[in-house]
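Results of the structural survey
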Amino acid sequence: QKEVEQNSGPLSVPEGAIASLNCTYSDRVSQSFFWYRQYSGKSPELIMSIYSNGDKEDGRFTAQLNKASQYVSLLIRDSQPSDSATYLCAADSGGYNKLIFGAGTRLAVHP
Amino acid sequence: DAGVIQSPRHEVTEMGQEVTLRCKPISGHDYLFWYRQTMMRGLELLIYFNNNVPIDDSGMPEDRFSAKMPNASFSTLKIQPSEPRDSAVYFCASSSSGNSYEQYFGPGTRLTVT
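Here goes a summary of the coordinates provided. These numbers come from a predicted model, not from an experiment.

A look at the interface of chain B and chain A
Contact with chain B, which involves 20 residues of that partner, is made by 19 residues of chain A. Of the roughly 1600 Å² buried where chain B meets chain A, counting both sides, 56% is carbon and sulfur surface. Applying the counting rule to chain B against chain A returns one salt bridge. Measuring nitrogen to oxygen at the nearest pair gives 2.6 Å for the salt bridge that ties Asp56(B) to Lys98(A). Applying the counting rule to chain B against chain A returns six residue pairs in polar contact (both at pLDDT 80 or more). Of all the secondary-structure elements, those providing two or more residues to the side of chain B that touches chain A are β4 (31-38), β5 (42-50), β9 (88-95) and β10 (104-105) of chain B. Looking at the side of chain B that touches chain A, the element that brings in the most residues is β4(B), giving four residues.

Shown next, in the form of structure tokens:
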């Protein structure tokens, strides 16, 4: 059974701090990894994708991938209350063009 | 460009009724996915299509659920007969081959079966 594991949270951080979201995956064949943001009552929105080991930065977001440890993370710098949402981690299922989603981590950024 | 379009946005029906959910994928995308999301089970993949052909329907919960994709711009998910446990948000997503599995979600249909 291929799985993506995330801490459900809530992760509570003060405004302006760095929020660190983590994810592990079980299938070593997975090559593509994604972070989706989902506001309450809305659909998942793709915010980051990462395919190679190391860091990928996009604005305040940095995705990190370590394939040896089967670990993916998302860092949000200068967290804002508008970042409060559930963040879903997803990994490809090894060549079948479908994604395996984690249960999501709820992030709360308080002023 | 328009994103994934779903209709209706909300559906309230009585147990035993037929429900049809509709999806229009992003133009040019050749993969279409149907998901269901509940608090208890999270986001579950029900079925997906490639070039209008069903590839994997292992997530379809039972025979009451069926999905079709008659052409590249339209898909339906049908539940007949509906049951209260089918209450959930149903999302449609699409992606393009060669875009490294990036999926884009529609706004969802919130289904309530009473």
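A look at the layout of surface pockets
One number sums up the size of the largest pocket: a volume of about 720 Å³. Lining the largest pocket are 28 residues, with Gln38(A), Ser40(A), Gly41(A), Gln37(B) and Met39(B) positioned closest to its centre. Going through the elements one at a time, β9 (85-92) and β11 (105-110) of chain A together with β4, β5, β9 and β11 (109-113) of chain B are the ones with two or more residues in the lining of the largest pocket. Considering every element that reaches the lining of the largest pocket, the biggest residue donor is β9(A), with three residues. Here the second largest pocket defines a volume of roughly 570 Å³. Forming the boundary of the second largest pocket are 23 residues, of which Gln1(A), Lys2(A), Ile100(A), Phe101(A) and Leu43(B) lie nearest the centre. For the lining of the second largest pocket, the leading source of residues is β5(B), giving six residues. Along the lines of polarity and charge, the residues of the lining of the second largest pocket split into 10 nonpolar, six polar and seven charged.

Quick look at the sheet that holds strand β8 (residues 74-79) of chain B
All names here are of chain B. Strand order in the open sheet formed by four strands is β1-β3-β8-β7, and the pairing between neighbours is antiparallel. Edge positions in the open sheet fall to β1 (5-7) and β7 (65-71), since each of these has one partner strand only. Across the sheet, the mean angle from the axis of one strand to that of its neighbour is 15°, orientation sign disregarded. Examined bridge by bridge, strand β3 (residues 19-24) and β8 share five bridges and lie antiparallel to one another. Bridge pairing in β8 links Cys23 to Ser75.

Thoughts on the state of the cysteines
Residue and element names in this part refer to chain A. Considering all chains together, one arrives at two disulfides over all chains under this definition. Covalently, Cys23 is tied to Cys89 through a disulfide, its sulfur atoms 2.0 Å apart. Across the S-S bond linking Cys23 and Cys89, the dihedral sits near -70°, which makes this disulfide left-handed. With Cys23 in strand β3 (residues 19-25) and Cys89 in strand β9, the pair connects residues that are 66 residues apart, well separated along the chain.

Some details on empty space enclosed by the protein
All names here are of chain A. According to the stated counting rule, one finds one cavity of 30 Å³ or more in the structure shown. Taken as a whole, the largest cavity spans an internal volume of roughly 40 Å³. Around the largest cavity, the lining residues are Lys2, Glu3, Val4, Tyr25, Ser26, Asp27, Ser30, Ala91, Asp92, Ser93 and Ile100.

Reading guide: rules and limits
Residues numbered from 1 in each chain as written. Chains lettered and ligands numbered in written order. Predicted model: local features only at pLDDT ≥ 70, side-chain atom pairs only at ≥ 80, totals over all residues. Heavy atoms only, no water. Contact = heavy atoms within 4.5 Å. Buried area = accessible area lost by both parts, 1.4 Å probe. Salt bridge = Lys/Arg side-chain N within 4 Å of Asp/Glu carboxyl O. Polar contact = N/O pair within 3.5 Å; in protein donor to acceptor, adjacent residues only side chain to side chain. Helix = DSSP H or I, 4+ residues; strand = E, 2+ residues; numbered from the N terminus. 1 Å grid on protein atoms, 1.4 Å probe; cavity = no way out; pocket = protein on both sides within 12 Å on 5 of 7 lines; lining within 4 Å. Points joined across faces, edges and corners; volume = space filled by probe spheres on them. Nonpolar A, V, L, I, M, F, W, Y, C, P; charged D, E, K, R; others polar. Pairing = 2+ DSSP bridges. Axes fitted to C-alpha atoms, helices over the stretch in contact; angles between N-to-C directions. Disulfide = S-S within 2.5 Å.

Everything listed here is a matter of coordinates, which is why it stays silent on function.
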